[in-house]
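Listed below are the residues making up each chain.
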Amino acid sequence: MAEKGRLVDLCLFAGKLMVTYGAETYRAEDIMNRMAVAGGLKNVHSFVTTTGIFLSGVQDNGDNLMQMIRIVDRFQDLNKVAEVNQLSRDFVMGRIDEVEANQQLLKISAARMNYPLWLIYIASGVAGGAFSYLVGNTKFDMIPAAMGGLMSTLFLVLFQHYLHAKFFSEYLASFFGSITALTLVHSGYGTSVDQVIIGTIIPLVPGIPLTNSVRDLMNGDLISGLARGAEAALTALSIAAGVATAVSLFLP
Amino acid sequence: MWELLICFMATVAFAIIFNTPSRLLWRIGLIGVLAWTIYSSIQDINVSFIAAAAVAAFSASLMSYGLSRHHRVPVTTFAIPGIIPLVPGGKAYETMLAFVEENYIEGLTQGAATLLHAGAIAGGVVFALSIFSIGRGVDQRYET
């Protein structure tokens, strides 16, 4: 009965990787449709939302196939998106077959980030320092802002690893990052509290959900657009609440 | 010149945070520099920051589309880090601070400015998207 079942599994796996690591909805739907058609299914329809994927099709003998898969976690890894995109292109062109595509997808999904963790910490420090210069034009604030940005990413990774609660760990990360920034400024390193805190929280900004939400909404994928928009808004609110807690502790 | 170097560093750092392929890093940095140059030089001739953000986001995503066609990678690889220098982080912080200090009028003013700024960036990105998808819109999405 399920001669095309493994093909549907393959398509769903590719779509899951795409959505999990930050592709837009229309791209995930597009590669799933193309792969299913190239593998011999007819009347293919896919429906991708931010939290689950559906794919249906008709086999040669007239049987219907319909499967769904649930997406629980979402991360930021644009390299995996690019690799799955390339793999789907190879599969549609016929350069690799089903078994090989499945093996490659397993390899992609198990692969580590292509930068080591310390480089990501350093990058968020650099991003914090550079952004605070772009906003405020003072060189003295760059070093404390870099320290703050580094600390907030450090805390984010730490809390995410131990708590597994996305929004709460973002709240805690921005809280401890702001505490670091405020302590540095009050002990004399840096001139303006505002610019140091802006640099501190900028590595936490939800860039991928925010951009993808707008793209999805304008593309007509209203459900996933709204879901991603809600995710981005909740992240932004968690960050703002963290900073607000830290600032109001230091206000009196 | 110093400012452009800083902007390049910020964009590349964000590209590393988002884990983009390493062979594309310096091109992403150039997109960020382009966006920032347009954003600040348009503001220098007395145009409002909203129009400046829209034009800068439009040019950055246009360049991202061109590069993504050339390198055969998804356009988000270029577009997401490329528009990061335009993000209204400062205005969002001012909004939050005004509300914390119970200065609600100032908070609403800054909040409206933040929303308009973010909306302008989104508008620029979407306008570039629609230019690149003319002629392949409907029949590609509903192909069976």
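Residues numbered from 1 in each chain as written. Chains lettered and ligands numbered in written order. Predicted model: local features only at pLDDT ≥ 70, side-chain atom pairs only at ≥ 80, totals over all residues. Heavy atoms only, no water.

Draft legend 1. View of the domain arrangement of chain A. All names here are of chain A. The domains assigned to chain A are domain 1 (3–110) and domain 2 (117–250). Its C-alpha centre places domain 1 at a distance of 33 Å from the equivalent point of domain 2. Taken together, the contacts link 14 residues of domain 1 with eleven residues of domain 2. Interface area for domain 1 against domain 2, summed over the two sides, is near 1100 Å², with a carbon-plus-sulfur share of 49%. Together, Glu24, Thr25 and Thr50 form the three largest contributors to the area buried by domain 1 at its contact with domain 2, with a combined 38%. Along the contact surface separating domain 1 from domain 2 lie two salt bridges. Arg215 is paired through a salt bridge with Glu24; the nearest N and O atoms lie 3.2 Å apart. Applying the counting rule to domain 1 against domain 2 returns seven residue pairs in polar contact (both at pLDDT 80 or more). Among the elements of the structure, α2 (25–38) and β1 (42–48) are those that each provide at least two residues to the side of domain 1 that touches domain 2. By residue class, the composition of the side of domain 1 that touches domain 2 is six nonpolar, five polar and three charged. (Domains from an automatic or database assignment. Contact = heavy atoms within 4.5 Å. Buried area = accessible area lost by both parts, 1.4 Å probe. Salt bridge = Lys/Arg side-chain N within 4 Å of Asp/Glu carboxyl O. Polar contact = N/O pair within 3.5 Å; in protein donor to acceptor, adjacent residues only side chain to side chain. Helix = DSSP H or I, 4+ residues; strand = E, 2+ residues; numbered from the N terminus. Nonpolar A, V, L, I, M, F, W, Y, C, P; charged D, E, K, R; others polar.)

Draft legend 2. Inspection of helix α7 (residues 166–186) of chain A at higher detail. Spanning 21 residues, α7(A) covers 30 Å between terminal C-alpha atoms, matching the ideal 30 Å at 1.5 Å per step. Of the residues trailing α7(A), A:Gly188 is marked for its positive phi of about 105°. (Expected span 1.5 Å × (residues − 1).)

Draft legend 3. Seen up close, the UniProt feature "domain: Threonine/serine exporter-like N-terminal" (unreviewed entry) in chain A. If you check UniProt for "domain: Threonine/serine exporter-like N-terminal" (unreviewed entry), the listed places come out as residues 9–249 of chain A in our numbering. Note that residues 9–249 of chain A is 70% helix and 9% strand, and that its end C-alpha atoms are spaced 52 Å apart. (UniProt positions renumbered as here; feature names shortened; annotations may be inferred.)

Draft legend 4. A look at the pairing of β1(A). All names here are of chain A. Bridge analysis of β1 against strand β2 (residues 52–58) gives five bridges, and the strand direction is antiparallel. Along β2, the bridge assignment pairs Lys42 with Val58. Hairpin connection between β1 and β2: a loop of three residues separates the two successive antiparallel strands. (Pairing = 2+ DSSP bridges.)

Draft legend 5. Broad picture of the interface of chain A and chain B. Chain A puts 55 residues into the contact, and the matching count from chain B is 44 residues. Taken over both partners, the interface formed by chain A and chain B buries close to 4400 Å², and the fraction arising from carbon and sulfur atoms is 69%. If you sort the residues of chain A by the area they bury against chain B, A:Leu78, A:Tyr115 and A:Leu134 come out on top, with a joint share of 15%. Where chain A touches chain B, the interface holds zero salt bridges. Our count for the chain A to chain B interface comes out at six residue pairs in polar contact (both at pLDDT 80 or more). Elements represented by at least two residues in the side of chain A that touches chain B include exactly α2, β1, α3 (78–93), α5 (117–136), α8 (193–201), α9 (207–219) and α10 (222–250) of chain A. A per-element tally of the side of chain A that touches chain B places α5(A) first, with eleven residues. Along the lines of polarity and charge, the residues of the side of chain A that touches chain B split into 30 nonpolar, 14 polar and eleven charged.

Draft legend 6. Quick look at the UniProt feature "transmembrane region" (unreviewed entry) in chain A. Residue and element names in this part refer to chain A. Sequence positions flagged by UniProt for "transmembrane region" (unreviewed entry) are, in local numbering, residues 115–136, 142–159, 171–189, 195–211 and 232–251. Along residues 171–189 one finds 84% helix and 0% strand; the C-alpha atoms at either end are 25 Å apart. Segment residues 195–211 splits into 71% helix and 0% strand. End C-alpha atoms: 24 Å apart.

Draft legend 7. Geometry of the packing of helix α1 (residues 5–20) of chain A against helix α4 (residues 98–110) of chain A. Residues and elements named next belong to chain A. Their axes nearest at 10 Å, the elements α1 and α4 cross at an angle of 30°. Taken as axis vectors, α1 and α4 run roughly parallel relative to one another. Our pair here, α1 against α4, has a crossing hand that is left-handed. Residue-level inspection shows Arg6, Leu7, Leu10, Phe13, Ala14 and Leu17 of α1 in contact with α4, the latter providing Glu98, Val99, Ala101, Asn102, Leu105, Leu106, Ile108 and Ser109. (Axes fitted to C-alpha atoms, helices over the stretch in contact; angles between N-to-C directions. Parallel < 35°, antiparallel > 145°, perpendicular 65-115°, else oblique. Left-handed = near helix turned anticlockwise from the far one by under 90°.)

Draft legend 8. Quick look at the sheet that holds strand β3 (residues 64–70) of chain A. Residue and element names in this part refer to chain A. With respect to topology, three strands assemble into an open sheet ordered β1-β2-β3, the strand pairing being antiparallel. Each end of this open sheet is capped by a strand with a single partner; those strands are β1 and β3. In this sheet, neighbouring strand axes are inclined to one another by 10° on average, regardless of whether the strands run parallel or antiparallel. Relative to β3, β2 runs antiparallel, the two being bridged by seven bridges. Bridge pairing in β3 places Gly52 opposite Arg70. Of the strands in this sheet, β1, β2 and β3 are in contact with α1, which crosses β3 at around 30°.

Draft legend 9. Region of interest: the pattern of salt bridges. Within this structure, the stated rule accounts for nine salt bridges over all chains. Salt bridges linked by common partners bring A:Arg74, A:Lys166, A:Glu170 and A:Glu231 together as one network.

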